[in-house]
Amino acid sequence: MKKLKVSPADTALVTAAVAAVKAPVRHIDGKTAPALVGAALRLNDGSIITATNLLADVGGLSMCAEPIAIAEAVRHPDKKIEAVVAVYYVKGEEPRVISPCGRCREAVTDYAPDSVVILREPGKKSLFKVKARDLLPLKYLDYWRGNKLV
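Report on the accompanying structure. (Residues numbered from 1 in each chain as written. Predicted model: local features only at pLDDT ≥ 70, side-chain atom pairs only at ≥ 80, totals over all residues. Heavy atoms only, no water.)

1. Quick notes on the layout of surface pockets
For step 1, the next point in the chain: Of the voids in this model, the largest pocket is the one considered here, and its volume is about 270 Å³.
For step 2, the next point in the chain: Lining the largest pocket we find Val14, Val18, Val87, Glu94, Pro95, Arg96, Val97, Arg120, Gly123, Lys124, Lys125 and Leu127.
For step 3, the next point in the chain: Those elements that provide at least two residues to the lining of the largest pocket are helix 1 (8–22) and strand 6 (96–98).
For step 4, the next point in the chain: Partitioning the lining of the largest pocket into residue classes produces six nonpolar, one polar and five charged.
For step 5, the next point in the chain: Each pocket or cavity is described by its volume, and for the second largest pocket that value is around 220 Å³.
For step 6, the next point in the chain: Forming the boundary of the second largest pocket are 14 residues, of which Lys79, Lys80, Ile81, Tyr111 and Ala112 lie nearest the centre. (1 Å grid on protein atoms, 1.4 Å probe; cavity = no way out; pocket = protein on both sides within 12 Å on 5 of 7 lines; lining within 4 Å. Points joined across faces, edges and corners; volume = space filled by probe spheres on them. Helix = DSSP H or I, 4+ residues; strand = E, 2+ residues; numbered from the N terminus. Nonpolar A, V, L, I, M, F, W, Y, C, P; charged D, E, K, R; others polar.)

Structure, rendered in structure tokens:
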């Protein structure tokens, strides 16, 4: 996986994700507090979409921030997702860029296979980006063409 240098636009995307995750949201218990995970997507016109995760009483119904942001992005069918980033936040600590989970990698490569994902090495602060497809090689969808197994 080739690590690419982040651009000023990528840094702005991280800043947008941090702002999203730090903003208060209403939680399932009715209390208002920051979310745990925020995501930001940059579209090919430079616009940014942000979202936060959604916790549910039944854990399997909880949603990561990335697919919620993707759901908003696909409402703009004339635009493509160029870059994705997610950050994790615990009040009193610095928000940190995190890698998308496996389900989110599937969603990103389904809806933005040509995008980049901004990451950091565990335990480090410096950021880099990679092509989304590099995070999920040999994707299930790669084995099908026109409803036929290839």
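2. Description of helix 3 (residues 102–111)
Side chains three or four residues apart in an α-helix point the same way, a direct result of the helix having 3.6 residues per turn.
For step 1, the next point in the chain: Of all the residues in helix 3, the buried ones are Cys104, Ala107, Val108 and Thr109.
For step 2, the next point in the chain: For helix 3, the elements touching its buried residues are helix 2 (65–73), strand 5 (81–88) and strand 7 (116–120). (Buried < 20%, exposed > 50% of the residue type's maximum accessible area, 1.4 Å probe, protein only. Contact = heavy atoms within 4.5 Å.)

3. Side note on the pairing of strand 7
For step 1, the next point in the chain: With five of its five residues buried, strand 7 lies for the most part within the structure.
For step 2, the next point in the chain: Along strand 7, one buried face is formed by Val116, Ile118 and Arg120 and the opposite face, lined by Val117 and Leu119, is buried too.
For step 3, the next point in the chain: Two strands pair when backbone bridges link them, and strand 5 and strand 7 are joined in this way by two bridges, in the parallel orientation. Bridge pairing in strand 7 places Val84 opposite Val117.
For step 4, the next point in the chain: Two strands pair when backbone bridges link them, and strand 7 and strand 8 (residues 127–131) are joined in this way by five bridges, in the antiparallel orientation. Residue Leu119 lies in a different strand from strand 8, and its bridge partner there is Phe128. (Pairing = 2+ DSSP bridges.)

4. With respect to the pairing of strand 3 (residues 37–43)
Side chains on a regular strand alternate between the two faces of the sheet.
For step 1, the next point in the chain: Counting buried residues along strand 3, seven of its seven residues qualify, which places the element largely inside the surrounding structure.
For step 2, the next point in the chain: Burial of the side chains of strand 3 extends over both faces: Val37, Ala39, Leu41 and Leu43 are buried on one face and Gly38, Ala40 and Arg42 on the other.

Interpretation in functional terms is not warranted from these geometric data alone.
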